[in-house]
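Residue-level structure breakdown
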Amino acid sequence: MRFEKVTHSVLKELQRKGYNVLIAPSDCEDSENVTWKAITVPNVFEWLVALDCEGITAVPFKEPNILVIQDALNNIREEDLKGSVFIER
């Protein structure tokens, strides 16, 4: 087990292992050094909608930090990725 800086290559490695989303606690105080956990959800869009419908994202300042791996690879420049992710070997 190790922590790795979030980069495109790390995100691709996680995708190869079947992960599709990174999550972090909503109370993370340091936005430059977020500690992410990789998870797998069956359908990312349905999962995001379910979070919204459950009211989790409707509570001010309690929104979870969510990074969809494919979206990050497609839309976020390498230098704009923040934090580190816990990777199991």
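In the block above lies the structure referred to throughout.
Since the model is a prediction, treat every value here as computed from it, not as a measurement. (Residues numbered from 1 in each chain as written. Predicted model: local features only at pLDDT ≥ 70, side-chain atom pairs only at ≥ 80, totals over all residues. Heavy atoms only, no water.)

Below, the discussion takes up the overall build of the protein. Per the secondary structure count, the protein includes three helices and five strands. Counting from the amino terminus, the protein carries its helices and strands in the arrangement β-α-β-β-α-β-α-β. Within the protein, contacts between residues separated by at least 24 positions form 69% of all contacts whose residues are at least 6 apart in sequence. A total accessible area of about 5,900 Å² is found for the protein, and carbon and sulfur atoms account for 53% of it. (Helix = DSSP H or I, 4+ residues; strand = E, 2+ residues; numbered from the N terminus. Contact = heavy atoms within 4.5 Å. Areas by Shrake-Rupley, 256 points an atom, 1.4 Å probe, with all protein chains shown as cover.)

By the definition in use, this model includes five salt bridges. For the salt bridge of E13 with R2, the shortest nitrogen-to-oxygen distance reads 3.2 Å. In this pair, E13 is assigned in helix 1 (residues 8-16) and R2 in strand 1 (residues 2-5), connecting sequence segments eleven residues apart. Salt-bridge contacts for K17 lead to E13; the nearest nitrogen and oxygen are separated by 3.4 Å. Taking relative accessible area as the criterion, E13 reaches 19% and is therefore assigned buried. Through salt bridges with shared partners, a single ionic network connects R2, E4, E13 and K17. (Salt bridge = Lys/Arg side-chain N within 4 Å of Asp/Glu carboxyl O. Buried < 20%, exposed > 50% of the residue type's maximum accessible area, 1.4 Å probe, protein only.)

Sheet strands pair by backbone hydrogen bonding; their relative direction is either parallel or antiparallel. Pairing is mixed across the open sheet formed by five strands, whose spatial order is 1-5-3-2-4. In this open sheet, the two edge strands, each paired with only one partner strand, are strand 1 and strand 4 (65-68). Across this sheet, the average inter-strand angle for adjacent strands is 35°, counted without regard to direction. Sheet analysis places strand 3 (residues 35-39) next to strand 5 (residues 84-87), joined by three bridges and oriented parallel. By the bridge assignment, K37 is partnered in strand 5 with F86. On the sheet, helix 1 packs against strand 1, strand 2 (21-24), strand 3 and strand 5 and is oriented at approximately 30° with respect to strand 5. Against the sheet, helix 2 (residues 44-53) touches strand 2, strand 3 and strand 4, its axis set at about 165° to strand 4. (Pairing = 2+ DSSP bridges. Axes fitted to C-alpha atoms, helices over the stretch in contact; angles between N-to-C directions.)

What follows is about the nonpolar core. Counting 16 residues, the largest nonpolar core has V6, L11, L14, L22, W36, I69 and V85 as the members making the most contacts within it. Those elements that provide at least two residues to this core are helix 1, strand 2, strand 3, helix 3 (69-75) and strand 5. (Core = buried A, V, L, I, M, F, W, Y, C linked by side-chain atoms within 4.5 Å.)

With that settled, the discussion passes to the environment of V21. Tracing the chain through its elements places V21 in strand 2. Judged by relative accessible area, V21 falls into the buried class, the value being 0%. Put simply, V21 and I39 are 18 residues apart on the chain and 5.4 Å apart in space, counted from C-alpha to C-alpha. If near-sequence neighbours (up to four positions away) are discounted, V21 is found in contact with K37, A38, I39, V41, V44, W47, I66, L67, V68 and I69.

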